[in-house]
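Okay, here's what each chain looks like letter by letter:
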Amino acid sequence: SGLRAEAEEALMAHCRQVIAALEGLIPSASRPVSRIHYLLLLADHHRYMAEVARGDGRLAHTKHSLTTYQAGAATAGPAISAAHTVALRLALGHATLVAELLGDYARGAAMARAAFDKALAVESAETTANADIDGGSSGENLEERMGAMQLLVTAADKWSAAAEELSDGSSVSGDEEGIGMARR
């Protein structure tokens, strides 16, 4: 429909602007959390574009999103707590890409659960160690962290159910690069 095409083009134009800005910011990010946040946003915007793109554009944005989430995770690992809001959002975005765009619901669910479990362990240890200190993970907002953790659990449950429904057949098609794309 014409309205859908207009909305998709508007989304693509917005994402291109954001991506251009982020690509300029990432090299100059001096703080690890800033760099990780920019990588998260870059990966998210490529994922948004992949969700509406077709054909080669969909594949290109999916690949770019995947490699950017992986770069963010590699940077985040040694730099920020697994319970940091940015780390949680990065894990959720990456799991969303795997489940929703690659169609690997079981793997997406496992990724989301693993991120939740790791964050919960860190959160529990920090709560115990810092019982008298307000703020926890580097002074972040507890409500934001708990909200991100809840999203991970909700997504994992949704994708686990989807994986069970699809266990009798596959909804994923592969390509020569090894990246499966969920059929729509």
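Rules used throughout
Throughout, residues of each chain are indexed from 1 in the direction in which the sequence is written. This being a predicted model, a pLDDT of at least 70 is required before a residue's local features are given, and a value of 80 or more before pairs of side-chain atoms are given or counted; all residues contribute to the totals for chains, interfaces and linings. For the side-chain quantities, the full set of heavy atoms in the structure was used; hydrogens and water were omitted. What makes a nonpolar core is a set of buried Ala, Val, Leu, Ile, Met, Phe, Trp, Tyr and Cys residues whose side-chain atoms join them at distances within 4.5 Å. Working definition: with a 1.4 Å probe on protein chains only, accessible area under 20% of the residue-type maximum means buried, over 50% means exposed, and in between means partly exposed. Numbering of helices and strands runs from the N terminus, with a helix taken as a DSSP run of H or I at least four residues long and a strand as a DSSP run of E at least two residues long. The contact rule is simple, with two residues in contact once any of their heavy atoms fall within 4.5 Å. Identification of polar contacts relies on pairs of N or O atoms within 3.5 Å, with a donor-acceptor requirement for protein atoms, meaning one able to donate a hydrogen and the other able to accept it, and with residues adjacent in sequence counted only if both atoms are side-chain atoms. What pLDDT conveys is the predictor's confidence in a given residue, as a value from 0 to 100.

1. Details of the nonpolar core
Here is step 1 of the chain: In terms of nonpolar packing, the biggest core is built from 19 residues, with Leu88, Tyr105, Ala112, Ala119, Met149, Leu152 and Trp159 touching the most fellow members.
Here is step 2 of the chain: Elements represented by at least two residues in this core include exactly α4 (85-101), α5 (105-129) and α6 (142-165).
Here is step 3 of the chain: Of all the elements, α6 adds the most residues to this core, at 7 residues.
Here is step 4 of the chain: Excluding its chain neighbours within four sequence positions, the residues that come into contact with tryptophan 159 are Ala95, Thr96, Ala99, Glu100, Tyr105, Gly108, Ala109 and Ala112.
Here is step 5 of the chain: The next biggest cluster of nonpolar side chains, apart from the first, holds 14 residues, and it includes Val33, Ala43, Tyr69 and Leu97.

2. Details of the side chain of histidine 61
Here is step 1 of the chain: Along the chain, histidine 61 falls in helix α3 (residues 55-79).
Here is step 2 of the chain: Side chain to side chain, histidine 61 and histidine 46 meet in a polar contact 2.9 Å long.
Here is step 3 of the chain: Non-local contacts of histidine 61, meaning those with residues more than four positions away in its chain, are made with His46, Met49, Ala50 and Ala53.

3. As for the confidence of the model for the chain
Here is step 1 of the chain: Confidence along the chain averages 87 in pLDDT terms, with 83% of residues attaining 70 or more.
Here is step 2 of the chain: Mean pLDDT across the secondary structure elements of the chain bottoms out at strand β1 (residues 172-173), with 44, and peaks at helix α2 (residues 32-52), with 97.
Here is step 3 of the chain: In this model residues 131-138 is a low-confidence stretch, pLDDT under 50, and it forms 10 contacts with partners more than four residues away in sequence or in other chains.
Here is step 4 of the chain: In this model residues 172-179 is a low-confidence stretch, pLDDT under 50, and it forms 20 contacts with partners more than four residues away in sequence or in other chains.

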